[in-house]
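Residue-level listing of the chains:
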Amino acid sequence: GRGCHTELSQPELLERWHAVGVATCSGNIDAITLESLRLIFNYVEAVVISCGAPDSFDVYEVSFEALTKMGYVLPGLECKHLLMQLLEHVHEVYDVLLSCVETYEWVQPGATGQLRLWMLQVIFACFGSKTISGRDLMELTDNDVSGAVSLISFILRCEQARFEMQSAAGRCLVELTAADCVFLGKVDEGTNTEAIAKLTGMFNKHVNGLIKGLIQFEVVEAFGRCICQHQMSHSNTDIVVKHFLTTIHNSLLYCSENQKKLRQHLATQSTIVQDIMIPYVHNILPAMYDNPSCGPSNLEFINLRSVLQTFVVVTFNINVFRPQLRDSDLISRVCDVPDILNHVSMLELLIKLAINVDFTKGPYFDQILATLTAGFNGLPLESQQRLQRRIGSEQGMRLPFARSSVQACELLAFALTAPVETPEMTDARKAQKKSNWKRARNKNKKRKRMFGMQTKGFNVGDELEPGEEADEDDNSEDDDMPPLIPAENWEGSLGMTDESFVPSMAKCQLSGGIMHDPVKTPDGFLFERAALEDWLQHHGSNPLTGAPLSMAECMPDTQVASFIQGYQLQMLSAGAIAPEAFEEPAQPDIAPPLPPAVMPAPAPLQPLPTSPTSLLGDLPSLGGLGGFPPEAPEKKKKGKIRIESRSVVDCPEDMRCAIDGKVMTAPTRSKYGHYFEKKTLDRWFTNCGSICPITSQPLRMEECEPDTEMKKRIIKFLKGQA
């Protein structure tokens with residue numbers, strides 16, 4: 001039985017380890033080797049289950065290190081099956097360790113060593129880096145998105161992690177920004193509406209936890225470290241940068257209660273523009289210059305479009321990103337790519353980016369204006385009108401641009417003014433779009449791109465699979481919204497929908513885009529916070545009435561925000577769990593689960609062969625237990641792990657930095673009574689000037705003091721002693 005390993009002496013166990021290593025050299029894993037492997041796994045399993053105190057992290061680390069190395073080296077499905085069987089047996093310990101290790105690292109950096117690396121690598125060794133998904137990480141962390149983000153951040157910043165593992169982590173993070181990564185479990189009997197409602201509620205919690213996790217676990221910094229680590233490999237950095245940009249792009253497009261904190265957090269990370277984003281574009285441009293036929297089916301074109309989409313989103317939301325893009329030659333160099341201005345979607349992005357950075361104040365003003373004007377005039381009339389509709393009447397479901405750049409908007413008005421149409425013409429086109437949606441071949445791809453979201457896209461070096469198409473070119477309406485599905489709560493509160501199926505009350509009255517953080521003025525107008533803050537910084541008046549106005553007079557409209565969030569998440573949830581709801585056919589049958597695979601019984605024990613070499617090397621010292629674990633009964637009872645802690649993400653609000661909501665490690669109190677993380681406040685002053693992030697009143701670091709009592713409170717809470 002499983003307890004027979006206790007009959008072996010330590011030399012016998014080491015002999016079996018050596019024999020397994022030798023067998024891996026020849027690739028001959030026979031029944032004798034499998035039995036030896038089973039005994040070794042039983043030994044490691046008992047070690048893992050027998051631990052339970054925080055000072056045993058080193059024992060856990062070496063145990064999972066041994067399992068990882070065996071997982072990568074041992075050939076054959078039988079070996080993998082034995083390893084997965086062991087992980088099933090220790091899953092309770094595994095889950096608790098994975099959930100508490102981040103807290104221990106926060107309280108005492110380095111306390112857990114490389115434990116997370118080996119715990120995750122053993123999973124990758126079992127399943128392979130290409131098959132691990134965002135949903136897998138969600139299941140691994142008991143559907144806790146903050147925990148999944150914590151693991152991804154660790155992998156990205158860990159220099160010892162393989163690149164394949166880091167690339168998979170970045171891809172999984174992009175997947176976590178989509179609705180289909182939320183683990184819904186078995187679909188109960190009932191209507192599509194009930195399933196969609198259930199997923200919408202889960203997705204709401206998921207999005208808020210995702211954004212909190214991005215801030216708390218310093219994902220931007222983690223990506224920066226990973227990119228620097230692989231800077232000598234263009235193909236590797238292309239992959240990591242693409243995942244980074246797509247994550248930030250999608251996260252900024254959600255209507256979330258943490259949206260403002262995400263924007264403020266990114267504002268303290270503004271060096272990513274000059275250090276990561278701009279060099280990335282300059283890196284892919286030469287290949288596009290050398291390829292006159294470069295178009296929507298080309299990987300460089302696809303990646304450039306993704307980068308420009310991200311630039312448009314971040315420059316609209318965060319004004320500290322603008323000067324670096326405005327003062328560089330990036331926009332003009334992108335415009336020089338052969339035929340790029342013949343593509344309506346690319347011209348739209350370049351126009352919006354030029355407006356967001358207010359190109360009229362930059363050194364390339366004349367060149368950019370002449371190029372964009374010539375590009376528009378060179379389009380056929382039908383394409384000109386389509387571009388005008390995309391930026392004008394259809395702006396509700398497109399990426400936003402800053403109306404505060406008044407001069408830039410006036411100079412580019414030829415592209416911003418929607419063509420004059422009769423109501424009959426508008427209704428006819430709306431009906432045509434609905435018809436096009438129903439007949440579309442790639443509806444699944446369209447659903448994933450609702451609200452301007454990016455999918456995971458292509459990695460550099462990837463190839464299209466047989467029968468798969470590249471992104472549609474500009475003649476399609478690939479980013480149109482599907483017709484609305486039946487809904488609750490929001491549909492009676494957000495008004496009629498426009499021709500792109502976006503409710504009128506969900507749109508900012510200044511930018512025309514869908515709001516993610518709506519605020520209301522004293523006279524009842526609704527604006528996107530980022531758009532209004534930007535406008536007031538330049539004009540100091542209501543954009544619609546001209547009356548004097550300040551941000552202090554405007555209040556968050558949480559009710560409208562909840563309606564918009566319900567609308568947005570319900571549409572995304574429907575696309576993930578019940579795409580047929582858009583066309584309302586009969587509910588499909590659910591296929592029964594496959595029966596579990598059965599592992600044959602091990603062969604009888606035979607004498608062990610000997611050999612002078614071993615691919616596995618020496619058996620790692622599993623220390624602290626006197627060589628062998630205590631004897632276990634036939635059916636082991638898993639001991640309860642005795643590590644107690646609380647998750648960092650569970651900290652109360654008063655323990656979080658007032659700028660971005662991150663739990664403080666060096667709490668600093670301002671003269672106005674607000675608490676900030678010292679490093680974050682210092683970055684704020686560097687990037688945004690000597691003003692208080694909360695009150696907008698003058699403030700300097702010398703006027704802020706460290707608060708040791710708050711630090712003690714946070715540590716006490718995280719240790720579970722509060």
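Residues numbered from 1 in each chain as written. Predicted model: local features only at pLDDT ≥ 70, side-chain atom pairs only at ≥ 80, totals over all residues. Heavy atoms only, no water.

> I tried to follow the overall build of the protein on my own but got confused; where do I start?
Looking only at helices and strands, the protein has 28 helices and six strands in total. Burial status across the protein gives 54% buried among its 722 residues. Within the protein, contacts between residues separated by at least 24 positions form 74% of all contacts whose residues are at least 6 apart in sequence. As presented, the protein carries roughly 31,100 Å² of accessible surface, and 52% of it is formed by carbon and sulfur atoms. (Helix = DSSP H or I, 4+ residues; strand = E, 2+ residues; numbered from the N terminus. Buried < 20%, exposed > 50% of the residue type's maximum accessible area, 1.4 Å probe, protein only. Contact = heavy atoms within 4.5 Å. Areas by Shrake-Rupley, 256 points an atom, 1.4 Å probe, with all protein chains shown as cover.)

> How do you make sense of the sheet that holds strand β4 (residues 667-669) when you look at a structure like this?
Either a parallel or an antiparallel arrangement is found when strands of a sheet pair, and the pairing is made through backbone hydrogen bonds. The three strands lie next to each other as β5-β4-β6, forming an open sheet whose pairing is antiparallel. Both edges of this open sheet fall to β5 (675-677) and β6 (705-706), since each of them pairs with a single strand only. Two elements, β4 and β5, share three bridges in a ladder whose sense is antiparallel. When the bridges of β5 are listed, T668 appears paired with F676. Each of β4 and β5 is contacted by helix α27 (residues 678-688), which is oriented at about 90° to β5, the strand it contacts most. (Pairing = 2+ DSSP bridges. Axes fitted to C-alpha atoms, helices over the stretch in contact; angles between N-to-C directions.)

> Before we go on, may I ask you to explain a negative patch on the surface in this structure?
Among the surface-exposed residues, E92, D95, D142, D144 and D650 lie close enough to one another that they form a single negatively charged patch. Tracing the backbone through its elements, the reader meets E92 in helix α5 (residues 91-107). (Patch = residues over 30% accessible without salt bridge, like charges linked within 9 Å, V, L, I, M, F, W, Y side chains within 5 Å. Salt bridge = Lys/Arg side-chain N within 4 Å of Asp/Glu carboxyl O. Lys, Arg positive; Asp, Glu negative; His and termini not counted. Charge placed at Lys NZ, Arg CZ, Asp CG, Glu CD.)

> I keep staring at the state of the cysteines and nothing clicks. Help me out?
Covalent bonding between the sulfur atoms of two cysteines defines a disulfide. A full pass over the atoms with the stated rule returns zero disulfides. With no disulfide partner, C228 has as its closest neighbouring cysteine sulfur the one in C226, 9.4 Å distant. (Disulfide = S-S within 2.5 Å.)

> When you look at the nonpolar core in this model, what are you seeing that I'm missing?
One recurring pattern in soluble globular proteins is that nonpolar side chains are buried together. If you look at the biggest cluster of nonpolar residues, it comprises 145 residues, and the most contacted ones within it are F64, L304 and I351. Tallying contributions element by element places helix α14 (residues 271-289) first for this core, with ten residues. Apart from the residues lying within four places of it in its own chain, the contact partners of I351 are L372, L387, I391, L412, A415 and L416. Grouped together as the second largest cluster of nonpolar side chains are 25 residues, L510, V519, L536 and L549 included. (Core = buried A, V, L, I, M, F, W, Y, C linked by side-chain atoms within 4.5 Å.)

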